[in-house]
Amino acid sequence: MTSEQDKTPDKISHDDSALFAPVDPFKVGIQGCCPRCGQGKLFDGLLSLKPRCAACDLDYAFADAGDGPAVFVILIVGFIVIGSVLWMQINYAPPIWVYIVLFAPLTIILSLLSLRWCKGILIALQYRNNAAEGRVHRD
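Note that the coordinates shown come from a computational prediction; the quantities given were computed from them, not determined experimentally.

**Section: the overall build of the chain**
Step number 1: Secondary structure summary: the chain contains four helices and zero strands in total.
Step number 2: Ordering the α and β elements of the chain from the N terminus gives α-α-α-α.
Step number 3: Evaluated residue by residue, the chain yields a buried proportion of 28% over its 139 residues.
Step number 4: A separation threshold of at least 6 residues defines the contact pool for the chain, and within that pool the share at least 24 residues apart is 56%.
Step number 5: Surface summary for the chain: the accessible area is close to 9500 Å², and the carbon and sulfur share equals 65%.

**Quick notes on the pattern of salt bridges**
Step number 1: The full count for this structure, using the stated rule, is one salt bridge.
Step number 2: The partner of Asp-57 in a salt bridge is Arg-52, with the nearest N and O atoms 3.2 Å apart.
Step number 3: Asp-57 sits in the partly exposed class, given a relative accessible area of 48%.
Step number 4: The partly exposed category is assigned to Arg-52, whose relative accessible area is 37%.

**Some details on the UniProt feature "transmembrane region" (unreviewed entry) in the chain**
Step number 1: The feature "transmembrane region" (unreviewed entry), as given by UniProt, occupies residues 70-90 and 96-118 in the numbering adopted here.
Step number 2: Taken end to end, residues 70-90 is 100% helix and 0% strand, and its first and last C-alpha atoms sit 29 Å apart.
Step number 3: When the span residues 96-118 is considered, its composition is 100% helix and 0% strand, and the gap between its end C-alpha atoms is 31 Å.

**Topic: unusual backbone geometry**
Step number 1: Although it is not a glycine, Asp-57 adopts a positive phi angle of roughly 65°.
Step number 2: You can see Asp-57 is positioned in the loop between helix H2 (25-31) and helix H3 (68-91).
Step number 3: Non-glycine residue Ala-93 carries a positive phi angle of around 50°.
Step number 4: Along the chain, Ala-93 falls in the loop between H3 and helix H4 (96-128).

**Quick word on the state of the cysteines**
Step number 1: Enumeration according to the criterion identifies zero disulfides in this entry.
Step number 2: No disulfide involves Cys-33; its nearest neighbouring cysteine sulfur is the one of Cys-37, lying 8.0 Å away.
Step number 3: Left without a disulfide partner, Cys-56 is nearest to the cysteine sulfur of Cys-34, which lies 3.6 Å away.

Criteria and cut-off values
Residues numbered from 1 in each chain as written. Predicted model: local features only at pLDDT ≥ 70, side-chain atom pairs only at ≥ 80, totals over all residues. Heavy atoms only, no water. Helix = DSSP H or I, 4+ residues; strand = E, 2+ residues; numbered from the N terminus. Buried < 20%, exposed > 50% of the residue type's maximum accessible area, 1.4 Å probe, protein only. Contact = heavy atoms within 4.5 Å. Areas by Shrake-Rupley, 256 points an atom, 1.4 Å probe, with all protein chains shown as cover. Salt bridge = Lys/Arg side-chain N within 4 Å of Asp/Glu carboxyl O. UniProt positions renumbered as here; feature names shortened; annotations may be inferred. Disulfide = S-S within 2.5 Å.

Below, the structure is given as structure tokens:
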């Protein structure tokens, strides 16, 4: 008896024979470039991925960052914003409207920028390390 997972065909592997110089996953992730060639764009809009690279024709079907980028962004941006709020409260104690005017836009801008960067970095690392969903093979 096989599980439902064993019946589905394996995802397209991104193990390819194309020869490209290795790129820095952090650099291409922040720039939003292709994790294989470093030239083509990874994103089609703010956070949605293109179907494939325009420069090297790499299929982005393997790319699945999941909830990882959101978790990192929540922790990092939350630390920065809450730390700033506490510092401001201790040192200046301004009225509540100052917090809303300053920190609401800061939170939104930092979250959107960080989410795109983090998603790009995680996809580039996923490609670099040939990461895939775990499978149980029963012979």
